[in-house]
Amino acid sequence: MKFARINRCLRPFLFGFGLLFLAIMSVYSWPDLHLLLKQIRWPFFLLAMVVALLGNLITSILMRELFVKYGLNISFSLGHKIYFYAQIAKYIPGKVWAFWYQATLLNVPGSTSAMLFVNFELTFLLVILTASLAFALLLIPYGVIWALVVFACGLLLSVWVLKGCHLFALVHRGLSSVKFFADKLCTCQNCLQPSKIVTYYFLFSCTYLISNLLVIYAAFGFSLAQSIDYTAYLTLAWICGTLFFVVPGGVGVKEFVFIMLARIFSGDISMEALGAIAIIFRFSTMLQELLGVGLVFLLDLAE
């Protein structure tokens with residue numbers, strides 16, 4: 001009971017600190033950002049935000065399915081809170097705070113280990129999905145067949161990971177030998193149907209690709225070929241930022257990797273233009289997350 005009370009007190013502080021750091025990053029980039037916003041095509045940009053929000057809702061639903069897989073049957077409302085509110089807490093320096101925020105929403109036996117396995121598996125899936133999508137986009141000029149093969153390999157690997165308990169078994173084998181963790185680990189069930197995994201893979205890929213292409217067109221008016229290349233670079237940069245655990249939200253890492261990749265493979269664009277692309281995508285990502293939080297808050301009020 002005391003621990004639950006502490007969690008309830010910590011929750012608004014973690015969310016508030018996340019908003020504070022998000023605001024600091026926004027203020028830091030505002031001198032360049034406000035110039036970009038003056039020339040943006042707002043109908044296309046707002047449409048991109050709606051599509052991106054839909055993709056995040058789909059990911060939130062998948063996260064709930066993963067909680068069921070690990071023995072926690074939570075409501076859709078709670079699932080959305082766990083996913084969207086933690087997106088704000090991740091901006092606090094140190095990756096642990098997003099997990100801690102999620103833990104404050106779950107107060108049942110085995111919930112902490114289930115939450116860690118869910119986040120591990122969801123991150124692993126998103127890395128597979130986005131990597132296969134990025135390489136597929138880069139392979140399009142060399143042949144659509146090769147692009148489809150890479151995309152299909154990502155799909156097969158995603159089904160293999162989510163349908164079974166392979167990642168769970170790998171980690172469980174090591175942790176179960178430690179007495180402290182042995183009686184605190186959750187269980188894993190093979191309950192995710194391949195049809196759901198395939199549906200999520202295609203829906204997320206479509207919403208992710210469409211939203212990114214719309215943002216690039218809205219802000220810069222690039223051709224489709226250019227937009228596809230920059231989307232691929234941004235996607236690979238997102239993966240690096242996600243795997244770099246020290247930096248909050250991967251900020252700085254994503255921008256550096258994107259500019260480096262674009263300079264190496266598309267050297268005909270200036271550093272100023274690449275910096276502008278990085279800034280507008282950082283802004284769009286933050287806006288997506290804030291819109292998601294707002295939507296979940298409104299849905300919570302409506303219940």
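Shown above is the structure to which this text applies.
Please read all numbers here as calculations on a predicted model, not as lab measurements. (Residues numbered from 1 in each chain as written. Predicted model: local features only at pLDDT ≥ 70, side-chain atom pairs only at ≥ 80, totals over all residues. Heavy atoms only, no water.)

## Quick word on the state of the cysteines
So, step 1. All chains considered together, the criterion is met by one disulfide.
So, step 2. Between the sulfur atoms of C165 and its disulfide partner C188 the distance amounts to 2.1 Å. Taking the torsion about the sulfur-sulfur bond, which here is approximately -90 degrees, the covalent link between C165 and C188 counts as left-handed. On the criterion of sequence distance, the pair formed by C165 in the loop between helix 6 (144–163) and helix 7 (166–175) and C188 in the loop between helix 8 (179–182) and helix 9 (194–220) is long-range, its members being 23 residues apart. Comparing C165 with C188, the two get one shared label, buried. (Disulfide = S-S within 2.5 Å. Helix = DSSP H or I, 4+ residues; strand = E, 2+ residues; numbered from the N terminus. Buried < 20%, exposed > 50% of the residue type's maximum accessible area, 1.4 Å probe, protein only.)

## Re the packing of aromatic side chains
So, step 1. Tallied over the entire structure, the rule returns 19 aromatic pairs.
So, step 2. The interplanar angle of 20 degrees and the centroid separation of 5.8 Å between the aromatic rings of F204 and Y208 together place this pair among those described as stacked. Taken as a pair, F204 and Y208 lie in helix 9 at a separation of four residues, close to a single helical turn. As far as burial versus exposure is concerned, F204 and Y208 are alike and both buried.
So, step 3. For the ring pair F220 and F222, a centre distance of 5.4 Å and an interplane angle of 15 degrees mean the geometry is stacked. (Phe/Tyr/Trp six-rings, centres within 6.5 Å; stacked < 30°, edge-to-face > 60°.)

## Brief notes about the nonpolar core
So, step 1. Membership of the largest hydrophobic core comes to 96 residues, with the highest contact counts inside it found for F67, Y230, F258, I277 and I280.
So, step 2. Residue contributions to this core peak at 14 residues, all from helix 5 (residues 111–139).
So, step 3. Setting aside residues up to four positions removed in sequence, F258 forms contacts with Y230, Y233, L234, A237, L274, I277 and A278. (Core = buried A, V, L, I, M, F, W, Y, C linked by side-chain atoms within 4.5 Å. Contact = heavy atoms within 4.5 Å.)

## Focus: helix 2 (residues 42–69)
So, step 1. Look at helix 2: 40 Å from first C-alpha to last across 28 residues, which is about the 40 Å you get at 1.5 Å a residue.
So, step 2. Two residues or fewer after helix 2 comes G71, characterised by a positive phi angle close to 90 degrees. (Expected span 1.5 Å × (residues − 1).)

## Notes on the environment of V150
So, step 1. Mapping V150 onto the fold places it in helix 6.
So, step 2. Residue V150 is classed as partly exposed on the basis of its relative accessible area of 23%.
So, step 3. Sequence separation of V150 and L137 is 13 residues, and the distance between their C-alpha atoms is 9.5 Å.
So, step 4. In this structure V150 touches S132, F135, A136 and L139, once residues within four positions along its chain are discounted.

## What to know about the pattern of salt bridges
So, step 1. Counting across every chain of the model gives five salt bridges.
So, step 2. Put simply, K69 and E121 hold a salt bridge, and the shortest N to O gap is 2.6 Å. Residue K69 is found in helix 2, and its partner E121 is found in helix 5; the two are separated by 52 residues along the sequence.
So, step 3. Here K69 falls in the buried class, since its relative accessible area comes to 0%.
So, step 4. Of the charged contacts, one joins R282 and E255 as a salt bridge, the two residues approaching to 3.0 Å between their closest N and O atoms. Placement of the pair is R282 in helix 12 (residues 271–302) and E255 in helix 11 (residues 253–265), with a sequence separation of 27 residues. (Salt bridge = Lys/Arg side-chain N within 4 Å of Asp/Glu carboxyl O.)

## Overview of the packing of helix 3 (residues 76–89) against helix 12
Packed helices, taken two at a time, are described by their axes: the angle between them and the distance between them.
So, step 1. With their axes 9 Å apart at the nearest point, helix 3 and helix 12 run at an angle of 145 degrees to one another. Read as a crossing pair, helix 3 and helix 12 show a hand that is left-handed. Where helix 3 approaches helix 12, its residues S77, H80, K81, F84, Y85, Q87 and I88 are matched on the opposing element by E289, L290, G292, V293, V296, F297 and D300. (Axes fitted to C-alpha atoms, helices over the stretch in contact; angles between N-to-C directions. Left-handed = near helix turned anticlockwise from the far one by under 90°.)

Read these as geometric descriptors, not functional statements.
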